Amino acid sequence: MSNQFAVASATESRLLKRSCESLIGICSGLVADGELNDKEIVFLSTWLAENESISRTWPGEVVTARIREILVDGLVTDTERKYLVETLQGLVGGSFAETGAVPKGANSLPVNDAVVVDVLARCFCFTGQFLFGTRSACERAVENRGGLVSPSATRKTEFLVIGELASRAWKNTSHGSKIEQALTLQSQGVPIQIISEARWVDSLR
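Residues numbered from 1 in each chain as written. Predicted model: local features only at pLDDT ≥ 70, side-chain atom pairs only at ≥ 80, totals over all residues. Heavy atoms only, no water.

Undergrad: Explain the nonpolar core residue by residue, including any values.
TA: Judged by nonpolar contacts, the single largest core of 23 residues is most densely connected at Leu36, Leu44, Leu48 and Leu88. Of all the secondary structure elements, the ones that give two or more residues to this core are helix H1 (2–30), helix H2 (38–50), helix H4 (60–71) and helix H5 (78–93). Residue contributions to this core peak at 6 residues, all from H1. When neighbours within four sequence positions are excluded, leucine 48 is seen to be in contact with Leu23, Ile54, Ser55, Val63, Thr64 and Ile67. With 15 residues, the next largest nonpolar core counts Val142, Phe159, Val161 and Trp200 among its residues. (Core = buried A, V, L, I, M, F, W, Y, C linked by side-chain atoms within 4.5 Å. Buried < 20%, exposed > 50% of the residue type's maximum accessible area, 1.4 Å probe, protein only. Helix = DSSP H or I, 4+ residues; strand = E, 2+ residues; numbered from the N terminus. Contact = heavy atoms within 4.5 Å.)

Undergrad: Account for H4, with residues named and values stated.
TA: Here H4 is 12 residues long and its end C-alpha atoms lie 16 Å apart, about the 16 Å a rise of 1.5 Å per residue gives. Listed as buried for H4 are Gly60, Val62, Val63, Thr64, Arg66, Ile67 and Ile70. (Expected span 1.5 Å × (residues − 1).)

Undergrad: Residues and numbers for the side chain of serine 150, please.
TA: By the element assignment, serine 150 lies in the loop between strand S2 (148–149) and strand S3 (159–162). A distance of 2.6 Å separates the side chain of serine 150 from the backbone oxygen of serine 152, its partner in a polar contact. With sequence-adjacent residues up to four places away left out, serine 150 is seen in contact with Cys123, Phe124, Cys125 and Thr157. (Polar contact = N/O pair within 3.5 Å; in protein donor to acceptor, adjacent residues only side chain to side chain.)

Undergrad: Report on the sheet that holds S3, specifying residues and quantitative values.
TA: An order of S2-S1-S3-S4 is seen for the 4 strands of this open sheet, with the pairing classed as parallel. Looking at which strands have only one partner, the edges of the open sheet turn out to be S2 and strand S4 (193–196). Judged from the 2 bridges that link them, strand S1 (residues 123–127) and S2 form a sheet pairing that is parallel. Note that in S2 the partner of phenylalanine 124 across the bridge is valine 149. Packing against the sheet, helix H7 (residues 135–143) makes contact with S1 and S2, and its axis sits at approximately 165 degrees to S1. Running over the sheet, helix H8 (residues 176–187) touches S1, S3 and S4 and is turned about 140 degrees from S4. (Pairing = 2+ DSSP bridges. Axes fitted to C-alpha atoms, helices over the stretch in contact; angles between N-to-C directions.)

Undergrad: I'd like to hear about the packing of H2 against H4, residue by residue, with values.
TA: In the contact formed by H2 and H4, the axes pass within 10 Å of each other and the chain directions differ by 130 degrees. Considering their axes alone, H2 and H4 lie oblique with respect to each other. In this structure, H2 meets H4 at a crossing whose hand is left-handed. Note on element contacts: H4 touches H2 through Val63, Thr64, Ile67 and Leu71, opposite Ile41, Leu44, Ser45 and Leu48. Grouping the constituent residues of the contact of H2 with H4 by class yields 6 nonpolar, 2 polar and no charged. (Parallel < 35°, antiparallel > 145°, perpendicular 65-115°, else oblique. Left-handed = near helix turned anticlockwise from the far one by under 90°. Nonpolar A, V, L, I, M, F, W, Y, C, P; charged D, E, K, R; others polar.)

Below, the structure is given as structure tokens:
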């Protein structure tokens, strides 16, 4: 029985990876010119609906939710279109395109995704760009679940969340200052944890 489960699990994993690779290929083609027209957005929405496995898995579920939000009123604004293009370009250009899965933490990003993450009454700080949505949307998700939000990494901050679209060359980026501050606090014995967006999203479920 356990062997059958292992075989089924391995098969499902291979199919999911193949779907991820297909999603990357589609996104790569759609944003090759740096633009997305309405037909292309509808096509991607239809493809995700027909491939439920990837639409229920990170980050396909985020792309699916974002497209649904964009199409709900039948009107795609320039802001919505631009944000979707940036999201898809981030997926295509990042390590997701290389491995078929968004990393729980790239090697050069000092994340610790082995920690237990509770939201209720815990203080979070966000840095980088997020697949989940804008930084304000991330902060609302925490506050709606009884958590607290800090605009910077301080001694009261318990979790610094790094967006999946954050560059692995983080020291040369704008979000690097918050990471540096969190590392400094850690060296001083402050129990602040640096986690990936994927780990944070898991805590919301």
